[in-house]
Amino acid sequence: MLRALPGGRAQEQEEAAADKLALLMALEKKALWLSTWMIHQANHLRPSRDGLKVGGHQASSASVATLMTALYLDVMRPQDRVAVKPHAAPLFHALQYLLGNQSRDKLERFRALGGAQAYPSRSKDGDIVDFSTGSVGLGVGVTLFAALAQDYLRLKRLVPSDTPPGRMIALAGDAELDEGNIFEALLEGWKHDVRNLWWVIDYNRQSLDAVVSDRLFGRIDALFAMFGWRVVTLKYGRLLQTAFARPDGEQLREWIDACPNSLYSALVYKGGEGWREHLRRDLNRYPGIRAILDEHDDESLGRLMTNLAGHDMGSVLDAFHAVTDDQPTCFIAYTIKGYGLPFAGHKDNHAGLMNPQQMASFQQSMGVPAGAEWERFAGLDLPPEELEAFLAEVPLAAKSARRHRPPPLAVPAEIAAPRGRNLSTQEAFGRILGSLATAENALAGRVVTTSPDVTVSTNLGAWVNRRGIFDRAERADTFREEKVVSAQRWGMSPQGQHIELGIAESNLFLLLAALGLAGPMFGARLLPIGTLYDPFIKRGLDALNYALYQDARFIVVATPSGITLAPEGGAHQSVLEPLIGIAQPGLASFEPAYADELAVLLRWALEEIQREEGESVYFRLSTRPIEQPERTIDAALGEAIVGGAYWLREPAPGAELAIAYCGAVAPEALAACEALREDVPGLGLLALTSPDRLHAEWRAALTRGEPSRAERLLSALRPGAALVTVCDSHPATLSWLGSAAPVSLMPLGVDHFGQSGDIPDLYRVYGIDSDAIIDAAARALLRTAGSVRH
Ligand SMILES: Cc1ncc(C[n+]2csc(CCOP(=O)(O)OP(=O)(O)O)c2C)c(N)n1
Ligand SMILES: [Mg+2]
């Protein structure tokens with residue numbers, strides 16, 4: 001509200017506000033037009049070579065036209081960051097085009113190769129996109145973890161804390177709230193007391209298939225309030241509010257309030273006539289309502305009855321600008337899916353496209369002359385210079401970089417391998433991090449660890465004891481204060497470098513996404529390391545994929561893994577995760593067997609996640625202590641470990657047989673190798689540290705027409721030699737080696753659910769113990785000798 005000021009100031013301000021409103025409404029109209037046109041021309045005017053419809057979401061874009069125009073062209077500041085609901089991509093691109101950040105060429109190639117992406121993409125659309133979206137719910141959730149990451153950096157003064165923080169904003173579809181990850185995130189956010197978070201819910205009461213349940217949203221505001229959020233409901237626009245203030249207007253309000261979502265949507269679609277029929281039937285006894293009906297023709301009655309606040313620019317601006325503190329805020333904005341378009345409100349409009357006739361009349365109503373479809377201001381009532389001048393002054397147009405490029409942090413040339421005769425890779429990991437925690441270097445200061453309630457059981461204890469747990473407030477470790485003996489010291493403070501999460505793997509990966517984007521997003525690099533049990537990668541897999549899709553960089557340490565976890569049983573034993581490691585883009589995966597390999601690989605990973613073209617890194621580790629080799633790792637061996645494979649026992653030239661193993665089954669492979677040496681002298685033992693890297697290099701080498709690393713290694717054997725592969729995971733992890741080199745391959749591994757038992761029993765039952773390896777070698781040799789007839 002404008003306060004009365006002396007002289008003409010109040011009037012001047014009112015005029016300026018009215019001017020701004022008119023400009024924003026004109027630009028909203030243009031953004032709606034451009035988004036609709038962009039989709040239309042991609043579907044109807046661009047030649048199709050494959051007979052597929054291109055698609056695009058005209059209705060979903062129209063639904064948020066007012067909200068997004070208000071945010072992008074007025075409310076947002078350069079430091080704010082946004083996740084736009086996936087199917088509003090066309091509107092997002094249109095607004096960026098108006099701001100001069102998106103080219104016409106890209107809009108014309110909407111959903112074509114190299115053009116504007118179907119869903120906003122950080123890596124494909126470039127700097128204009130803050131968070132990729134696509135898998136509903138995840139874009140909303142990640143903003144909460146970005147707010148946490150921002151606090152982490154500011155409280156540690158890793159970024160300037162004297163400038164205002166950015167607001168992390170999600171523009172969410174209402175059906176996104178059906179995704180469980182939203183609620184997992186809300187709970188975690190409450191625990192961490194997150195701030196500077198806005199979720200703007202486009203409450204059009206429609207999803208893809210259907211109209212959203214009426215009863216649901218009655219609960220939603222209470223739910224947000226319960227988690228400490230401010231809830232701002234934007235329900236009725238100014239036209240409706242004025243009508244409600246008239247005699248009997250209250251009856252109209254009550255009628256709309258009680259109107260079921262499905263009926264409201266259907267009447268939106270039917271238009272003025274439909275509204276009139278229903279209002280007459282239900283409210284005709286009220287003279288005030290009859291007066292309203294008499295005063296409005298069908299068109300203006302339709303306009304009145306659909307005047308929801310989410311489409312009322314003035315109401316939207318007031319609501320956004322009224323929030324000036326850092327309390328998380330949820331705006332529930334009532335909107336209409338397809339607002340302003342012929343299929344507004346129709347329940348089937350999600351993927352609906354306007355046909356050429358509808359488009360022609362829409363074009364006419366928008367006043368866009370033929371040939372001027374891409375003109376930024378064609379058909380608007382305001383002078384282009386004024387619109388241009390307004391856009392130049394929009395806060396977001398300020399040319400401060402949205403993406404930072406902080407330099408990489410130096411990684412020491414060597415990380416010492418933990419010593420010990422018998423070690424598991426999990427213990428080695430804990431000890432490496434434990435000694436990193438004592439290092440007084442910049443690198444250690446940027447490492448941030450996180451885990452969904454498995455910090456201790458994944459061996460992060462030593463690190464956490466030394467570096468502490470992150471919390472906005474200083475909190476003592478009560479057990480310690482009460483002198484209760486415990487190996488864990490869990491003091492909390494803003495200096496802490498471990499973020500403890502509840503058990504929700506989706507949250508883990510969304511937090512890793514946010515921490516892993518800290519460099520480009522906030523200007524200070526973090527080196528995030530997340531730990532979890534290997535089988536639960538699948539629980540958070542979509543969030544992991546989501547994090548990687550936007551090129552967030554982090555290290556995932558998954559431990560324990562496989563049936564080697566023996567007594568824990570099949571529910572906790574992972575089988576297929578190494579195949580995820582091979583197939584997942586953006587992720588380099590390793591399964592080392594020995595502590596010294598892990599030391600080499602962790603050092604490499606800390607560099608890799610900082611490299612411009614690098615990837616995130618996944619380590620699959622084990623709790624099985626195994627005897628360690630006595631050796632020093634020279635540069636060549638180090639390179640081979642990173643490359644994915646080396647000969648642990650070099651084969652004699654032209655050898656008949658080799659065994660290739662990966663991970664914790666190393667002792668079985670070694671034992672089999674020793675046992676076979678007498679009968680097959682010169683056999684080799686190939687250690688695989690990364691089936692993923694080896695596979696990727698094989699494919700790349702094939703394309704280059706050069707021998708791959710795998711082929712070069714195996715060329716030590718005679719062509720057609722026998723190769724037994726063994727791993728504590730699905731045999732397909734390694735069986736592809738049979739195509740990379742001319743060998744006759746026998747793949748061993750686990751291809752059905754595990755069960756409780758000890759390692760000797762389980763390895764025997766699942767066929768990965770040394771006897772199984774020896775047996776497979778014998779069969780392979782027989783087969784290569786041609787004595788087995790198929
Ligand atoms: C995880 C996931 N499941 C399914 C989809 C397919 N999908 C795309 S949009 C949508 C409905 C979205 O409804 P809402 O969030 O209300 O958006 P709006 O009404 O604004 O289009 C669905 C099911 C998806 N993108 N992601
Ligand atoms: Mg919806």
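The rules behind each value
Residues numbered from 1 in each chain as written. Chains lettered and ligands numbered in written order. Predicted model: local features only at pLDDT ≥ 70, side-chain atom pairs only at ≥ 80, totals over all residues. Heavy atoms only, no water. Core = buried A, V, L, I, M, F, W, Y, C linked by side-chain atoms within 4.5 Å. Buried < 20%, exposed > 50% of the residue type's maximum accessible area, 1.4 Å probe, protein only. Helix = DSSP H or I, 4+ residues; strand = E, 2+ residues; numbered from the N terminus. Contact = heavy atoms within 4.5 Å. Donors = N, O, S within 2.8 Å, 3.2 Å for Na, K, Ca; no water. Pairing = 2+ DSSP bridges. Axes fitted to C-alpha atoms, helices over the stretch in contact; angles between N-to-C directions. Near = heavy atom within 4 Å. Polar contact = N/O pair within 3.5 Å; in protein donor to acceptor, adjacent residues only side chain to side chain. Areas by Shrake-Rupley, 256 points an atom, 1.4 Å probe, with all protein chains shown as cover. Salt bridge = Lys/Arg side-chain N within 4 Å of Asp/Glu carboxyl O. 1 Å grid on protein atoms, 1.4 Å probe; cavity = no way out; pocket = protein on both sides within 12 Å on 5 of 7 lines; lining within 4 Å. Points joined across faces, edges and corners; volume = space filled by probe spheres on them. Nonpolar A, V, L, I, M, F, W, Y, C, P; charged D, E, K, R; others polar. Right-handed = clockwise from strand over helix to strand, strands pointing away. Expected span 1.5 Å × (residues − 1). Arc of directions from axis to C-beta.

Novice: What am I meant to see in the nonpolar core here?
Specialist: As a rule of thumb, nonpolar side chains are buried together in soluble globular proteins. By size, the foremost hydrophobic cluster in this structure holds 90 residues, and its most contacted members are W199 and L252. The greatest single-element share of this core, amounting to 11 residues, is contributed by helix α7 (residues 138–155). Residues within four places of W199 in sequence aside, it is in contact with V140, G141, T143, L144, A170, I182, L186, F224, W229, T329, C330 and F331. Core analysis: the next-biggest nonpolar cluster, separate from the first, contains 79 residues, A439, L621, L637 and Y661 among them.

Novice: It is not clear to me how the coordination of the magnesium ion (ligand 2) should be interpreted in this structure. Could you clarify?
Specialist: Put simply, the ideal angle at a metal is 109.5 degrees for four donors in tetrahedral geometry and 90 or 180 degrees for six donors in octahedral geometry. Around the magnesium ion (ligand 2), the protein contributes the donor atoms D174 (OD), N204 (OD1) and Q206 (O), at 1.9 to 2.1 Å from the metal centre. Mapping the donors of the magnesium ion (ligand 2) onto the primary sequence yields the spacing D-x29-N-x1-Q. As far as the burial class goes, N204 and Q206 line up, both buried.

Novice: Looking at this structure, how should I read the sheet that holds strand β3 (residues 197–203)?
Specialist: Sheet strands pair via backbone hydrogen bonds, and the direction of the pair is either parallel or antiparallel. The strand order β1-β2-β3-β5-β4 describes an open sheet built from five strands, whose pairing is parallel. Single-partner strands in this sheet number two, and they are β1 (81–84) and β4 (230–234). Strand-to-strand twist in this sheet, taken as the mean axis angle between neighbours without regard to direction, amounts to 15°. As paired strands, β1 and strand β2 (residues 168–173) are joined by four bridges and run parallel to one another.

Novice: Would you mind going over the site of ligand 1 with me for this structure?
Specialist: Within the structure, ligand 1 sits among 18 residues, and S60, K85, D174, Q206 and K337 are positioned closest to it. One of the side-chain nitrogen or oxygen atoms of K85 is found 2.4 Å away from an oxygen atom of ligand 1. Take N204: an N or O atom from its side chain is 3.0 Å from an oxygen atom of ligand 1. For ligand 1, whose accessible area on its own is 600 Å², the fraction buried by protein is 76%.

Novice: In this structure, what is going on with the pattern of salt bridges? I would like to understand it.
Specialist: For side chains bearing opposite charge, pairing can occur when the charged atoms are close. The final tally for this structure, using the stated rule, is 42 salt bridges. A salt bridge links D312 to R238; the nearest nitrogen and oxygen atoms lie 3.8 Å apart. Placement of the pair is D312 in the loop between α15 (298–305) and α16 (313–322) and R238 in helix α10 (residues 238–244), with a sequence separation of 74 residues. Between R611 and E608 there is a salt bridge, and its shortest N-O distance comes to 2.9 Å. Three or more residues are tied together by salt bridges with common partners; here these are D151, D193, R195, D326 and R472.

Novice: In this structure, what is going on with empty space enclosed by the protein? I would like to understand it.
Specialist: Sizing a probe to match a water molecule and rolling it over the atoms shows the empty space that remains. Per the stated rule, a full pass over the model turns up five cavities of 30 Å³ or more. As a volume, the largest cavity reaches approximately 70 Å³. As for the largest cavity, its lining consists of P578, I582, S589, F590, E591, Y618, R620, P691, D692 and T733. At the level of secondary structure, the elements contributing two or more residues to the lining of the largest cavity comprise α26 (577–583), β13 (587–590), β14 (616–620) and α30 (691–704). For the lining of the largest cavity, the per-class residue count stands at five nonpolar, two polar and three charged.

Novice: Help me understand the pairing of strand β18 (residues 684–688), please; the structure alone is not making it clear to me.
Specialist: In terms of residue burial, β18 counts as a mostly covered element, since five of its five residues are buried. Going residue by residue along β18, you find G684, L686 and L688 tucked away on one face and L685 and A687 tucked away on the opposite face as well. Inspection of the sheet shows strand β16 (residues 645–649) paired to β18 by four bridges, in the antiparallel sense. Of the residues in β18, the one forming a bridge with Y646 is A687. Here strand β17 (residues 655–662) runs beside β18; their pairing, made up of five bridges, is parallel. Residue pairing across strands places I659 opposite L685, the latter belonging to β18. In this fold, β17 hands off to helix α29 (residues 666–677), which returns the chain to β18; that crossover is right-handed.

Novice: Honestly, helix α35 (residues 770–784) in this entry has me stumped. Any pointers?
Specialist: Spacing of three or four residues puts side chains on the same side of an α-helix, whose turn is 3.6 residues. For α35, which comprises 15 residues, the first-to-last C-alpha distance of 21 Å matches the rise-based estimate of 21 Å (1.5 Å per residue) to within 8%. Here α35 has its buried residues at S770, A772, I773, A776, A777 and A780. Projection of α35 onto a plane perpendicular to its axis shows the buried side chains occupying an angular sector of 150°, all on one side.

Novice: What exactly am I supposed to notice about the sheet that holds strand β20 (residues 743–748) here?
Specialist: The strand order across the open sheet built from five strands is β16-β18-β17-β19-β20, with neighbouring strands paired in mixed fashion. At either margin of the open sheet sits one strand with a lone partner, and together these are β16 and β20. Averaged over all adjacent pairs, the angle separating strand axes in this sheet is 25°, with direction ignored. As paired strands, β17 and strand β19 (residues 717–727) are joined by seven bridges and run parallel to one another. Along β19, the bridge assignment pairs I659 with V724. Against the sheet, α29 engages β16, β17, β18 and β19, with an angle of about 165° to β17.

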